[in-house]
Structure formats: C-alpha cells, structure tokens
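Commentary on secondary and tertiary structure
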Amino acid sequence: MLEISAKCIGCTKCVAVCPFGALSMSGKKAVVNMSACTLCGACVQVCPVEAISIKRDTASKDFSAYKGVWVFVELEDSEDLSAEGPVRKVSFELLSEGRKIADALKEELCAVVLAGKNRNYERELGEYGADKVYFCENPEFTVYNTDIYSAAVCALINKHKPSVVLFGATVKGRDLAPRIASALYVGLTADCTALSVRDGLLVQSRPAFGGNIMADILSPNSRPQMATVRPNVMKVSPAQSGRIAILVREDLKIDKNMRRVKVLRRKIDRGSGSMKIENANIIVSGGRGMKTKEKFKLIEELASVLGAAVGASRAAVDLGFKEKSHQVGQSGVTVSPRLYMAFGISGAVQHLVGMKNSDIVIAVNKDPNAMIFGAAKYAFVADAHQVLPKLSELLAKGLKRG
Ligand SMILES: Cc1cc2nc3c(=O)[nH]c(=O)nc-3n(C[C@H](O)[C@H](O)[C@H](O)COP(=O)(O)OP(=O)(O)OC[C@H]3O[C@@H](n4cnc5c(N)ncnc54)[C@H](O)[C@@H]3O)c2cc1C
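Definitions and cut-offs
- Residues numbered from 1 in each chain as written.
- Predicted model: local features only at pLDDT ≥ 70, side-chain atom pairs only at ≥ 80, totals over all residues.
- Helix = DSSP H or I, 4+ residues; strand = E, 2+ residues; numbered from the N terminus.
- Buried ≥ 20, exposed ≤ 12 C-beta atoms within 10 Å, placed from the backbone.
- Contact = placed C-beta atoms within 7 Å.
- Pairing = 2+ DSSP bridges.
- Axes fitted to C-alpha atoms, helices over the stretch in contact; angles between N-to-C directions.
- Near = placed C-beta within 6 Å.
- Nonpolar A, V, L, I, M, F, W, Y, C, P; charged D, E, K, R; others polar.
- Domains from an automatic or database assignment.
- Expected span 1.5 Å × (residues − 1).

For the rest of this paragraph, the subject is the overall build of the chain. Looking only at helices and strands, one finds 11 helices and 19 strands in the chain. Dimensions of the chain, computed from C-alpha atoms along their principal axes, come out at roughly 90 × 55 × 45 Å. Sorting the 402 residues of the chain into buried and exposed places 39% on the buried side. Once local pairs closer than 6 in sequence are excluded, the contacts in the chain between residues at least 24 apart make up 65%.

Below is the structure:
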C-alpha cells in the first residue's frame, strides 16, 4: 500500500518519476491510483519531504504447516508417445542436494513423479535419498503438457504444503516452475548454482550482474520456496542400494480439455554426429585463442582421438567456430566432466561458472596470467596451435599401442 501523508508539498516530483502513471495531482497534493501502482518505490526516493511511504503487509505469517523438501522428477522424452523415458540425471542431482537441505531443515525429502505408469520409482528415487514419492499415474502425463502438469503440481502443493520445491533448470523445468510460482503467487529463483539453509530459510544462490557476483536470494514471506537448479552443478551422491521410499499414490482428476497442444509425433535429435557436452566424461574446449574456424578443427581432432565432446567459449561460438549447443558457461551449458581441457580460453568468470565442477582441468594458454590457470590442476603456458597437433599424434599412437 502506498501512502501519501499530509506532509506533501505538491512539488510534483513523484508524478514525473512514476513509471506507471499511478500518481497525479489533486489540488496541491499528490494522489495515488493503487490499481496502477506497483510499489516500485521510485516516488519514495524523490520525495523531498518524506511524505510518501510504502506499507507492506509485515504481519508475521505462520508457515508452520509447510514442511518437506520436494524435487520435481523429470522423465526423459521418448519417441514412443505411449511411454516416458528414464529419470533425467538432473533429478538425481536435485535429490542428492535436496537430501542435505531436508536434513538441515529436519524435514522429509519427497520426489514428485507424474507418469503413465509406475516403474519402481520408490526404489530408484529412494536410493538417491527420497523418503517419499508422491506418484500420480495417468496416461495424460506421458506426454509433457504445461497446463496439465502445472495444474497437477499446484494441486499437490496445495494439498501437502511443502516448504521447498526444486526443479531442474531444463526446458521443462523452466517452463513449469514459473507457471506454478505465478499460480501460487510465490517467488521463484531461476538457474541457481548453489543451495543451502540459513536460519531455517532456503538460500538460493545464483550469478547476478553478468556473472560478476553471486547473489543469495531468500523468500521469507511466501511458501513454498521455489527454485530451478542448473543441470550438472550439483554432484550426485552414491546410490544407497536397497533404500526404498514410501510410495504415496495421488489420485488427481485430470481434465483432458486442458490440453491445448496435442503432440502427434516426436523425433528426437540424437545430435549431428558430434557428442553432446552435457553428460560427457571428457571435454576438449577451445576459445578465441584458436583464432579461426579452420584452426578450431585441431580441438575437434584431439576430441576425436580421446572420444571426447567438443566444448567452446562464448567468444568461439560468437566467431562461428562451433555451434551454440557446444558453449560452456553461464549462458551456455554447465558441465562436470572427469577431464576438461581448455585451449586458448582466458577463463572469464562466465566461462568458469560452467566448468568449475570438472574433476580435472588442464589449461593451455599463451598468457601466464590467464584466469583459467586458477581453475586448472595442470597449467601449460604454451601455444595451443603447436601443442594440439603433437598431443593428438602422441595420444593416437599411445592409445593404439595401449
Ligand atoms: C551475461 C554474460 C554471459 C556470458 N556467458 C558466457 C558463457 O556461457 N560462456 C563463455 O565462455 N563466456 C560467456 N561470456 C563471455 C565471457 O565474459 C568472455 O568474453 C568469454 O568467455 C571469452 O572467451 P575466450 O576466453 O575464448 O576469449 P578471450 O577472453 O579473448 O581469451 C582468449 C585467450 O586465448 C589466449 N590465446 C591467444 N592465442 C593463443 C594461443 N595461440 N595459444 C594459447 N592461448 C592463446 C589468450 O591469452 C586469451 O587468454 C558471457 C558474458 C556475459 C556478459
């Protein structure tokens, strides 16, 4: 609520700065049209006599009914429209991280699965830490649909009142989570790269201001606290063989007419011959230092010798050396291979954030002060154009002999 007190001197400064045209003059006093006001606070800042104030609903809300950390479990799409694919790796990453959050909050970790058929999810998800699986079985869930999925998840949230709900920052998660957040009128932090608990609240950390700082975001005034988390950021904990979650079957009424889009046929792009970086064990990555698209082929040659995927910095992608789907970093893909080899990449923070979870990083750069060396286990001050052909040759020979 915006309040304008009797201190108003009618200077009109607030009227001029309001981006939404919510303020006007009535006689010699400013008045507000609350249906246009968004409480942005621009007027509060310019008022010379502090006549304007924002009154927020600060009455402490009781969130004691909200308990449980939920992970929305994403299933792979399959070309067969009558069956869903396996659980996506990001869901195991979220369960592993969710386990730590649930323990810190002393709450249950629950997985939410919407599918046409139960495939022993209580066993598979239990092994990765889930205490409970809320399972909704309906053929309408086999093919993902925004309206049907969001209605189902909202219904479950309203019924069980979890304190935290996590989604993968995937195409589906990025589609579904905002829809649910807006329906429930709660906040959502997108693309988190770290999660923790402070004073009973979920701390949702993500890069801000072009990746130059990490912002910690809290949602103290609404429940559930909702976040999407980038794939490949969280490590998957080892499966605890034999651990089984409690299966809670939820019978939800699904109105078929909600489906406004019908998928008739699905063709999955298996990639154009070059391996995807998302789940690769070894990535050979090149940057602007490779100079030309022709020279970038040296990266591809080494990758082919090692059976590795090809990565690229944004500069290399912008220069057309490689397609965008190979870009590693904040606005590309987050990767966590066992081996990441960086050639001619400076190591800007936006690149580092996408590969810093790699087990071993080898970097080759002409500049001894390159930032990438800070993240590297093995750092070589050298010309990548000379190193790459020799390395490919030696490894090809070595691998043939071995
Ligand atoms: C909002 C935002 C999002 C971004 N997202 C991403 C992202 O997802 N991924 C990403 O990569 N970047 C991203 N960037 C861009 C990022 O800031 C850098 O500009 C980019 O990573 C630089 O790429 P580079 O290291 O290839 O090029 P440069 O920074 O130009 O570095 C080239 C390096 O090559 C070395 N070099 C030159 N010649 C040789 C040689 N012959 N042998 C060996 N080394 C050599 C140089 O010493 C230098 O260190 C983003 C930026 C913003 C603002």
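Next up on the list: the sheet that holds strand β12 (residues 213-217). Here three strands make up an open sheet; going across it, the order is β10-β11-β12 and the pairing antiparallel. Since the sheet does not close on itself, it has two edges, and those belong to β10 (194-198) and β12, each with one partner. On average, each strand axis in the sheet is tilted by 30 degrees relative to the strand beside it, whichever way the strands run. Where β10 lies against strand β11 (residues 201-208), five bridges are found, and the strand directions are antiparallel. Residue pairing across strands places alanine 194 opposite serine 205, the latter belonging to β11. Across the sheet, helix α3 (residues 89-105) touches β10 and β11, and the angle it forms with β10 is around 5 degrees.

With respect to the secondary-structure elements, arginine 123 resides in helix α4 (residues 121-126). For the pair formed by arginine 123 and glycine 242, sequence separation is 119 residues and the distance between their alpha carbons is 7.3 Å.

The local shell around the ligand holds 30 residues, among which Gly287, Gly289, Arg314, Gly329 and Ser346 are the closest. When contributions to the shell around the ligand are tallied by element, the ones reaching two or more residues are α8 (314-318), α9 (349-355), β18 (360-365) and α11 (384-401). Split into classes, the residues belonging to the shell around the ligand amount to eight nonpolar, 17 polar and five charged.

Moving on to the domain arrangement of the chain. Accessible area lost when the parts come together is the quantity often used to give the size of an interface. Domain assignment breaks the chain into domain 1 (2-54), domain 2 (69-258) and domain 3 (282-401). The C-alpha-based centres of domain 2 and domain 3 are spaced at 33 Å. Listed as interface residues are nine residues of domain 2 and, on the opposing side, eight residues of domain 3. For the side of domain 2 that touches domain 3, the residue count by class is three nonpolar, five polar and one charged.

Structurally, leucine 298 is set in helix α7 (residues 293-306). Residue classification places leucine 298 among the buried positions, given that 22 C-beta atoms sit within 10 Å. The contacts of leucine 298, once residues within four sequence positions are left out, are His385, Leu388 and Pro389.

The first and last C-alpha atoms of α3 sit 24 Å apart over 17 residues, in line with the 24 Å expected at 1.5 Å per residue. Inspection of α3 places Val90, Ser91, Phe92, Glu93, Leu94, Leu95, Glu97, Gly98, Ile101 and Ala102 among the buried residues, and these make up the whole buried set. Taken from the residues just after α3, lysine 106 is the one with a positive phi, measuring 55 degrees.

In this section: unusual backbone geometry. Cis rather than trans, the peptide bond between arginine 223 and proline 224 has omega equal to -5 degrees. Secondary-structure assignment places proline 224 in the loop between β12 and β13 (225-229). Phi at threonine 12 is positive, roughly 70 degrees, even though this residue is not glycine. By secondary structure assignment, the location of threonine 12 is in the loop between β1 (2-4) and α1 (13-17). The residue asparagine 120 is not glycine, and still its phi comes out positive at about 60 degrees. Judged by the 11 C-beta atoms lying within 10 Å of it, asparagine 120 is exposed.

Ordered by their spatial adjacency, seven strands build an open sheet running β9-β13-β8-β5-β6-β7-β14, and the pairing between neighbours is parallel. Only two strands of the sheet have a single neighbouring strand rather than two, namely β9 (188-192) and β14 (246-249). Recorded for the sheet is a direction-independent mean angle of 25 degrees between the axes of neighbouring strands. Bridge count between β9 and β13: three bridges; the pairing is parallel. Pairing of cysteine 192 across the sheet is with valine 229, part of β13. The strands touched by helix α5 (residues 146-160) are β5 (69-72), β6 (109-115), β7 (132-137) and β8 (164-168); relative to β6, the strand with the most contacts, the crossing angle is about 145 degrees. On the sheet, helix α6 (residues 171-184) packs against β5, β8, β9 and β13 and is oriented at approximately 165 degrees with respect to β13.

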